[in-house]
Amino acid sequence: MELRVLRYFLALAEEQHFGRAAQRVRVAQPALSQQVKQLEAELGARLFDRSTRRVEATEAGRRFTEHARRILDAVDRAGEDMAALAKGLVGRVSVGFVGTATYDVLPRLSHLVRTRLPGVDLRVRGELLTPDLLDGVACGEFDLALVRPSAREHPLTVTPLRSERLVAVLPATHPLAAGPDVDLADLADEAFIAHPSGDRSSMHRRVLDACARAGFQPRVHEVGETATLVVLVAAGLGVALVPEPVRSLGLRGVSYLPLRTEVTVDLLLAAAPDRASTAADRVADLIREAVR
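In this text the structure is predicted, and so the values were computed from the model without any measurement. (Residues numbered from 1 in each chain as written. Predicted model: local features only at pLDDT ≥ 70, side-chain atom pairs only at ≥ 80, totals over all residues. Heavy atoms only, no water.)

## Brief notes about the overall build of the protein
Move 1: Across its full length, the protein holds nine helices and 11 strands.
Move 2: Taking 19 Å as the expected radius of gyration for a compact globule of 292 residues, we find that the protein reaches 32 Å, considerably beyond that expectation.
Move 3: For the protein, the proportion of its 292 residues judged to be buried stands at 44%.
Move 4: A separation of at least 24 residues holds for 74% of the contacts in the protein among residues at least 6 apart in sequence.
Move 5: Once the 38 positive and 38 negative side-chain charges of the protein are each reduced to a mean point, those two points are 9 Å apart. (Helix = DSSP H or I, 4+ residues; strand = E, 2+ residues; numbered from the N terminus. Rg over C-alpha atoms; globule rule 2.2 N^0.38 Å. Buried < 20%, exposed > 50% of the residue type's maximum accessible area, 1.4 Å probe, protein only. Contact = heavy atoms within 4.5 Å. Lys, Arg positive; Asp, Glu negative; His and termini not counted. Charge placed at Lys NZ, Arg CZ, Asp CG, Glu CD.)

## Examining the packing of aromatic side chains
Move 1: Overall, the coordinates contain three aromatic pairs when judged by the stated rule.
Move 2: Between Phe 9 and Phe 64, the aromatic rings sit 5.0 Å apart at their centres with planes inclined by 65°, giving edge-to-face as the arrangement. Pair noted here: Phe 9 is in helix α1 (residues 3-15) and Phe 64 is in helix α4 (residues 59-86), with a separation of 55 residues, a long-range link.
Move 3: By way of ring pairs, the aromatic residues Phe 9, Phe 48 and Phe 64 are connected into one cluster. (Phe/Tyr/Trp six-rings, centres within 6.5 Å; stacked < 30°, edge-to-face > 60°.)

## Topic: the pattern of salt bridges
Move 1: A full pass over the atoms with the stated rule returns 21 salt bridges.
Move 2: Between Arg 24 and Glu 15 there is a salt bridge, and its shortest N-O distance comes to 3.2 Å.
Move 3: When its relative accessible area of 40% is taken as the criterion, Arg 24 is described as partly exposed.
Move 4: Look at Glu 15 and you get partly exposed, because its relative accessible area is 25%.
Move 5: Across the pair Glu 289 and Arg 116 runs a salt bridge whose closest N-O atoms are separated by 2.7 Å. Pair noted here: Glu 289 is in helix α9 (residues 278-291) and Arg 116 is in helix α5 (residues 99-116), with a separation of 173 residues, a long-range link.
Move 6: A relative accessible area of 30% places Glu 289 in the partly exposed class.
Move 7: Bridged by salt links that share partners, the residues Glu 14, Glu 15, Arg 20, Arg 24, Glu 66 and Arg 69 form one connected network. (Salt bridge = Lys/Arg side-chain N within 4 Å of Asp/Glu carboxyl O.)

## Brief notes about the packing of α1 against helix α3 (residues 29-43)
Two measures define how a pair of helices packs: the angle their axes make with one another and the distance between the axes.
Move 1: Close contact between α1 and α3 brings their axes to 10 Å; oriented N to C, the two are set at 105°. Of the possible angle classes, the one that applies to α1 and α3 is roughly perpendicular. Contacts between α1 and α3 involve Arg 4, Val 5, Tyr 8, Phe 9 and Leu 12 on the former and, on the latter, Leu 32, Gln 35, Val 36 and Leu 39.
Move 2: Of the residues contributing to the contact of α1 with α3, the split by class is seven nonpolar, one polar and one charged. (Axes fitted to C-alpha atoms, helices over the stretch in contact; angles between N-to-C directions. Parallel < 35°, antiparallel > 145°, perpendicular 65-115°, else oblique. Nonpolar A, V, L, I, M, F, W, Y, C, P; charged D, E, K, R; others polar.)

## Thoughts on the pairing of strand β8 (residues 219-222)
Move 1: Where strand β7 (residues 191-194) and β8 come together, four bridges link them in parallel fashion. Bridge pairing in β8 links Phe 192 to Val 220.
Move 2: What joins β7 to β8 is helix α7 (residues 202-213), and the crossover it makes is right-handed. (Pairing = 2+ DSSP bridges. Right-handed = clockwise from strand over helix to strand, strands pointing away.)

## Let's talk about the side chain of Asp 104
Move 1: Here Asp 104 lies in helix α5.
Move 2: Of note is the side chain of Asp 104, whose polar atom sits 2.8 Å from the side chain of Arg 162. (Polar contact = N/O pair within 3.5 Å; in protein donor to acceptor, adjacent residues only side chain to side chain.)

## Quick notes on helix α8 (residues 226-234)
Move 1: Taken residue by residue, α8 has Thr 226, Leu 229, Val 230, Leu 232 and Val 233 as its buried positions. Down the axis of α8, the smallest arc covering the buried residues is 160°, so these residues share one side.
Move 2: Backbone geometry just after α8 places Gly 236 at a positive phi near 85°. (Arc of directions from axis to C-beta.)

## Side note on the nonpolar core
Move 1: Ranked by size, the top nonpolar core spans 37 residues in total, and within it Val 95, Leu 109, Leu 146, Val 283 and Ile 287 carry the most contacts.
Move 2: Those elements giving two or more residues to this core turn out to be β3 (91-98), α5, β4 (120-128), α6 (130-139), β5 (144-147), β11 (264-271) and α9.
Move 3: Core analysis: the next-biggest nonpolar cluster, separate from the first, contains 21 residues, Leu 6, Phe 9, Ala 21 and Phe 64 among them. (Core = buried A, V, L, I, M, F, W, Y, C linked by side-chain atoms within 4.5 Å.)

## What about α5?
Move 1: Taking 1.5 Å as the rise per residue, α5 with 18 residues should run 26 Å; its terminal C-alpha atoms sit 25 Å apart, in good agreement.
Move 2: At Val 105, α5 shows its maximal bend, which comes to roughly 45°, and the proline Pro 107 appears one to four places after that position. (Expected span 1.5 Å × (residues − 1). Bend = angle between axes of the 7 residues up to and from the residue.)

## A few points about the environment of Ala 68
Move 1: Relative to the assigned elements, Ala 68 resides in helix α4.
Move 2: The spacing of Ala 68 and Val 120 is 52 residues in sequence and 30 Å in space, taken between C-alpha atoms.
Move 3: What Ala 68 contacts, discounting residues up to four positions off in sequence, is Leu 6 and Phe 9.

## Notes on the side chain of Thr 65
Move 1: Here Thr 65 is to be found in helix α4.
Move 2: Setting aside residues no more than four positions away along its own chain, Thr 65 makes contact with Phe 9, Leu 10 and Ala 13.

Next up, the structure:
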């Protein structure tokens, strides 16, 4: 049973006239009549009562009309869905975020996808560390990930998004908290709250390098999530260095101070080149817009 024959049948059932039905489907009237007869033979049922003046569907024809409509509607919807998929207007895209990008980029991206790509099912996970995000993209858990620079080798495509200044986070009651900025060397005697050491977080190494250039090696208490890090600073357990977007957290009890000697860290977009999709490419464009 061919789709074109179903279209011929439906045209005849709705027009109830061979000439008009043939004109509607742009086929010669004898050819349409022959195809409908072959369909009746295939189904083993008479679909139409024919006379010199009109064509009327039989009970079998009326029942088959509903089947034909459902089939053709489903085919049309499938075609439209595939066309939308090819244009990146539908599909599922999973994005992972390092802690700081969770606070400012994730909400903006979510809004942009809802308004620009409402047919895309956006899945997001935040507050992850760069090694976990890179592994997630490599194994297909994420289509895209916002990460920090990593010394680990990986088969991913990584492109820069922006460079972020590090700021000092001090308890609001700290003697230096009221200043316009802070010299990192003035925090040499403080305990530092930082991300995990080793290859678990590139931010840990960035903090140690900044402190080394300021002439000291900090005492470090390690935590896994940026939000927890800031909460511990608010509790008076130490100070921290974080990328400036962490201000978006809006937690009380802390002060964010620029460093007199600027220190920056890059935010990057990671993707697997062998699993590219048009929807993921569109979301990547919106990520760049959200970052800007």
